[in-house]
Amino acid sequence: MKHYLPAGSTGTRPYTLEVTPETAGWTYSALRVLELDGSHTFDTGPYETLVLPLSGSCRVACDGETFELRGRRGVFSRVTDFAYVPRDASVTVTGRGRFTLPAARCENRLRARYGPAEDVPVELRGAGQASRQVNNFCTPEAFEADKLIACEVITPGGNWSSYPPHKHDEDRPGESVLEEIYYFEVGSGAEAMAYQRVYGTADRPIDVLEEVRSGDTVLIPHGWHGPSMAVPGYDLYYLNVMAGPSPERAWLICDDPAHAWVRGTWEGQETDPRLPLTSTTERET
């Protein structure tokens, strides 16, 4: 499996990114990025799917329902609304902009629904230089789905997130098996960069340390992942897409014991005052 996918290295028009279980070498998690100026129709097949604006706005038609997505200027400008479309559906997206299509292979067909930005729980996680913002738009507690778990993480420049390193690759108490995709957008300008670390165990090795830029993707089939490092001067956004075999749709993780102590240092530290970076109100440039 190729774990690091540079921007533009996979996908055919109108998709600039296509990750399927077949290309990733796993079973459940998938992601596409759609560049749109007009209309595009696709079939969901065995995948429940979200339409999530990265930039721009659109109309989503599915199963006789139509959802108007206000969207946003960009991932650092506001928390966005989104649409959920079920498996075995024909979907038409009409608009202009860039849209992610997080997806998960599933068995149950739920109804198509609109997810208002105002209903997205915004969580400030960590403290000090480990402070970050998590937009829990499709986590188990926030939005109903069959298999799919998805959230956005925004990390101010100079901070570390996805930290302490953690994993979710064993079916045991307190941990669930989830295949994960990280899709990145970084600051502004072609030189904006960040870093992502993934490492394994002796039994299941994996070794990733990549400089990532806007449009890059990292696949995490197993192993400890983190930190996601936002370099000073450039805020970091990533979209997490997860799904797995467990009948319970839950994000259950295990910290790397070598670094779990870091959580204890957050007590008494202030959350980074730059957070939250976004809300449901469009942020001025």
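Our structure is the block above this text.
Just so it is clear, the model here is predicted, and its values are computed rather than measured. (Residues numbered from 1 in each chain as written. Predicted model: local features only at pLDDT ≥ 70, side-chain atom pairs only at ≥ 80, totals over all residues. Heavy atoms only, no water.)

With respect to the overall build of the protein chain
A count of helices and strands for the protein chain gives 1 helix and 20 strands. Over its C-alpha trace the protein chain gives a radius of gyration of 18 Å, about what one expects of a compact globule, namely 19 Å for 285 residues. The proportion of buried residues among the 285 residues of the protein chain is 56%. Restricting the contact set of the protein chain to residue pairs at least 6 apart, pairs at least 24 apart contribute 74%. Taken as a whole, the protein chain presents about 12,100 Å² of accessible surface, with 49% of it coming from carbon and sulfur. Side chains of the protein chain carry 27 positive and 41 negative charges; the gap between the two charge centres is 3 Å. (Helix = DSSP H or I, 4+ residues; strand = E, 2+ residues; numbered from the N terminus. Rg over C-alpha atoms; globule rule 2.2 N^0.38 Å. Buried < 20%, exposed > 50% of the residue type's maximum accessible area, 1.4 Å probe, protein only. Contact = heavy atoms within 4.5 Å. Areas by Shrake-Rupley, 256 points an atom, 1.4 Å probe, with all protein chains shown as cover. Lys, Arg positive; Asp, Glu negative; His and termini not counted. Charge placed at Lys NZ, Arg CZ, Asp CG, Glu CD.)

Examining the pairing of strand 19 (residues 236–243)
In terms of residue burial, strand 19 counts as a mostly covered element, since 8 of its 8 residues are buried. The alternating pattern of strand 19 places Leu236, Tyr238, Asn240 and Met242 and Tyr237, Leu239, Val241 and Ala243 on opposite faces, both of which are buried. In terms of strand pairing, strand 11 (residues 149–155) meets strand 19 through 7 bridges, oriented antiparallel. Directly across from Val153, in strand 19, lies its bridge partner Tyr238. In this sheet, strand 19 lies alongside strand 14 (residues 179–186) in antiparallel orientation, the contact comprising 8 bridges. Residue pairing in the sheet places Tyr183 in a bridge with Leu239 of strand 19. (Pairing = 2+ DSSP bridges.)

What to know about the side chain of Thr100
Here Thr100 shows up in strand 7 (residues 90–105). Residue classification places Thr100 among the buried positions, given a relative accessible area of 0%. In contact with Thr100, not counting residues within four places along its chain, are Leu31, Arg32, Val33, Leu50, Val51, Leu52, Leu54 and Leu239.

Side note on the sheet that holds strand 1 (residues 4–5)
Pairing is antiparallel in the open sheet, where 7 strands are placed in the order 1-17-14-19-11-10-9. Each edge of the open sheet carries a strand with a single partner, namely strand 1 and strand 9 (122–125). Alignment of strand 1 against strand 17 (residues 217–220), held across 2 bridges, turns out to be antiparallel. When the bridges of strand 17 are listed, Leu5 appears paired with Thr217.

Examining the nonpolar core
Formed by 35 residues in total, the largest nonpolar core has its most connected members in Leu50, Phe137, Tyr183, Tyr237 and Leu239. Looking at this core, the elements with two or more residues in it are strand 2 (15–19), strand 3 (29–43), strand 4 (47–62), strand 6 (82–85), strand 10 (132–138), strand 11, strand 14 and strand 19. Counting residues per element, this core draws most heavily on strand 19, which supplies 4 residues. Excluding residues that lie within four positions of it along the chain, Tyr237 makes contacts with Leu52, Leu54, Arg72, Val75, Phe76, Glu152, Val153, Ile154, Tyr183, Phe184 and Glu185. (Core = buried A, V, L, I, M, F, W, Y, C linked by side-chain atoms within 4.5 Å.)

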